[in-house]
Amino acid sequence: MDRKLKVGVLGATGMVGQRFLSLLENHPWYEVVVVAASPNSAGKRYEDAVGGRWKMTTPMPEAYKDLIVMNVNDVDAVAKEVDFVFSAVDMTKDEIKAIEEAYAKTETPVVSNNSAHRWTKDVPMVVPEINPEHFAIIESQKKRLGTKRGFIAVKPNCSIQSYAPVLNAWKEFEPEEVVVTTYQAISGAGKTFKDWPEMEGNIIPFIGGEEEKSEKEPLRIWGHIEGDEIVPATSPKITCQCVRVPVLNGHTAAVFVRFKNKPSKEELIKKLVEYKGEPQELNLPSAPKQFIQYLTEDNRPQVSLDVDFENGMGVSVGRLREDTIYDYKFIGLSHNTLRGAAGGALLCAEYLTAKNFIQAK
Ligand SMILES: N[C@@H](CC=O)C(=O)O
């Protein structure tokens, strides 16, 4: 690469936008040149636009404080400045669909954290260690959009990252039935305890739309390209309950699995710790060296000890044991705003850059 690629962050003042900026601060391939947000923030210094709403535990990087926030709706003006954008815009689903497509049509690739396009037939939804081959559908999408280099790619919901990679590592044993309960951190809702005090010492047994995403999105990830669309897999059957718990960062999943070909516990653990994907082979800047770790202690994984494994990009698994009704049960943990949100999107962008889907304009 002759120069760093110029990046815009759409929705830069929100929690995921802040996470993108923190991850991009010293990125070897990318340089943030545009922060864009709603018309209310447009025209202000980034630091002033965020005000007291900086939610990261590390300070706001100096390099961003004086950037003047652009209006995210000024698509052509933003697009002129950047090679590609990350999207974390906070709008209605229809508005997100429209604005992400508008950016793509300016020949600006969009790597999105949003759910709006996750079921658009020719938009790839990718965990780079699982289904990078789905990025090939971008060629069909470009034809539909009439673009040469503009497209949209998305990452899946944060809730699935604590169990979908695990089930993928066990694919050859053919998981048939999966029962999941997720215990989801408040940052998944863009909140801290300061702005959601009711969550202290509390559990809320409902997260809007989350159970459907948790049951269906893994099947799209395990799907295949047929013509100009991604056709979801039909197996395993997944049922899920999603619960909000008083944790700042880290989504935990308690999972039961029945296999078509029941393996031994040793075989399952071996598959987890040996799991490598293309991001590891390509040595992408944000790829964890070890994607999945298996912890043998009975009281692991724990959010406070394990959520930052591999800079929040790895998945921690423990308590794998035989079950009396299903074949096995286990606990998985992943960082919801790193692997599950901005970090997952960043890894998608790095893969797309390494494979020349994203280039300097
Ligand atoms: N919807 C999730 C966030 C994941 O992307 C949550 O509320 O935790």
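Here is what the cut-offs are and how they apply
- Residues numbered from 1 in each chain as written.
- Predicted model: local features only at pLDDT ≥ 70, side-chain atom pairs only at ≥ 80, totals over all residues.
- Heavy atoms only, no water.
- UniProt positions renumbered as here; feature names shortened; annotations may be inferred.
- Helix = DSSP H or I, 4+ residues; strand = E, 2+ residues; numbered from the N terminus.
- Rg over C-alpha atoms; globule rule 2.2 N^0.38 Å.
- Buried < 20%, exposed > 50% of the residue type's maximum accessible area, 1.4 Å probe, protein only.
- Contact = heavy atoms within 4.5 Å.
- Phe/Tyr/Trp six-rings, centres within 6.5 Å; stacked < 30°, edge-to-face > 60°.
- 1 Å grid on protein atoms, 1.4 Å probe; cavity = no way out; pocket = protein on both sides within 12 Å on 5 of 7 lines; lining within 4 Å.
- Points joined across faces, edges and corners; volume = space filled by probe spheres on them.
- Nonpolar A, V, L, I, M, F, W, Y, C, P; charged D, E, K, R; others polar.
- Domains from an automatic or database assignment.
- Buried area = accessible area lost by both parts, 1.4 Å probe.
- Salt bridge = Lys/Arg side-chain N within 4 Å of Asp/Glu carboxyl O.

- As recorded by an unreviewed UniProt entry, the protein chain carries the name Aspartate-semialdehyde dehydrogenase and is attributed to Lachnoanaerobaculum orale.
- Of the comments in the UniProt record for the protein chain, the one headed Sequence similarities (unreviewed entry) reads "Belongs to the aspartate-semialdehyde dehydrogenase family."

## Section: the overall build of the protein chain
For step 1, the next point in the chain: When helices and strands are counted, the protein chain shows twelve helices and 14 strands.
For step 2, the next point in the chain: A compact globule built from 361 residues would reach a C-alpha radius of gyration of about 21 Å, and the protein chain, at 20 Å, matches this within 12%.
For step 3, the next point in the chain: In terms of overall dimensions, the protein chain has a C-alpha envelope of 60 × 50 × 35 Å along the principal axes.
For step 4, the next point in the chain: The buried share among the 361 residues of the protein chain stands at 57%.
For step 5, the next point in the chain: Within the protein chain, contacts between residues at least 6 apart in sequence are counted, and of these 77% link residues at least 24 apart.

## A look at the packing of aromatic side chains
For step 1, the next point in the chain: Throughout the structure, instances matching the rule amount to 14 aromatic pairs.
For step 2, the next point in the chain: Between Phe20 and Phe86, the aromatic rings sit 4.7 Å apart at their centres with planes inclined by 25 degrees, giving stacked as the arrangement. Of the two residues, Phe20 is situated in helix H1 (residues 15-24) and Phe86 in strand E4 (residues 84-87); the sequence distance between them amounts to 66 residues.
For step 3, the next point in the chain: A residue is classified by how much of its surface remains accessible, and Phe86, at 0% relative accessible area, is buried.

## Quick notes on the layout of surface pockets
For step 1, the next point in the chain: The computed volume of the largest pocket comes to approximately 1100 Å³.
For step 2, the next point in the chain: Lining the largest pocket are 44 residues, with Val16, Val89, Asp90, Asn113 and Asn114 sitting closest to its centre.
For step 3, the next point in the chain: Contributions of two or more residues to the lining of the largest pocket are made by H1, helix H5 (93-105), helix H8 (210-221) and helix H12 (338-354).
For step 4, the next point in the chain: Top contributing element to the lining of the largest pocket by residue count: H1, with four residues.
For step 5, the next point in the chain: When grouped by side-chain class, the residues that make up the lining of the largest pocket number 14 nonpolar, 21 polar and nine charged.
For step 6, the next point in the chain: Residue assignment places the lining of the largest pocket across two domains, with domain 1 (5-155 + 342-355) and domain 2 (159-334) each supplying three or more.
For step 7, the next point in the chain: Approximately 210 Å³ is the volume attributed to the second largest pocket.
For step 8, the next point in the chain: Looking at the second largest pocket, it is lined by 13 residues, and the ones nearest its centre are Leu23, Pro285, Ser286, Asn311 and Met313.
For step 9, the next point in the chain: At three residues, the largest contribution of residues to the lining of the second largest pocket is made by H12.
For step 10, the next point in the chain: Its residues assigned to classes, the lining of the second largest pocket comprises seven nonpolar, four polar and two charged.

## Observations concerning the UniProt feature "domain: Semialdehyde dehydrogenase NAD-binding" (unreviewed entry) in the protein chain
For step 1, the next point in the chain: Sites flagged by UniProt as "domain: Semialdehyde dehydrogenase NAD-binding" (unreviewed entry) map to residues 6-138.
For step 2, the next point in the chain: Its end C-alpha atoms 21 Å apart, residues 6-138 is made of 30% helix and 17% strand.

## Quick notes on the domain arrangement of the protein chain
For step 1, the next point in the chain: Splitting the protein chain by domain gives domain 1 (5-155 + 342-355) and domain 2 (159-334).
For step 2, the next point in the chain: Facing the 36 residues of domain 1 at the interface are 38 residues of domain 2.
For step 3, the next point in the chain: Taken together, the two surfaces of domain 1 and domain 2 that pack against each other cover about 2900 Å², and 65% of this comes from carbon and sulfur.
For step 4, the next point in the chain: Of all residues in domain 1, the largest losses of buried area upon contact with domain 2 belong to Trp119, Glu129 and Ile130, amounting jointly to 23% of the total for that side.
For step 5, the next point in the chain: Seen at the junction of domain 1 and domain 2, the total is four salt bridges.
For step 6, the next point in the chain: Here Lys121 makes a salt bridge to Asp228, at a shortest N to O gap of 3.2 Å.

## A closer look at the environment of Gly188
For step 1, the next point in the chain: The residue Gly188 is located in the loop between strand E7 (175-184) and H8 in this model.
For step 2, the next point in the chain: The class for Gly188 is partly exposed, based on a relative accessible area of 40%.
For step 3, the next point in the chain: Separated by 148 residues in the primary sequence, Gly188 and Asn336 place their C-alpha atoms 6.4 Å from one another.
For step 4, the next point in the chain: Discounting residues that sit within four places of it in the chain, Gly188 has contacts with Arg244, His251 and Asn336.

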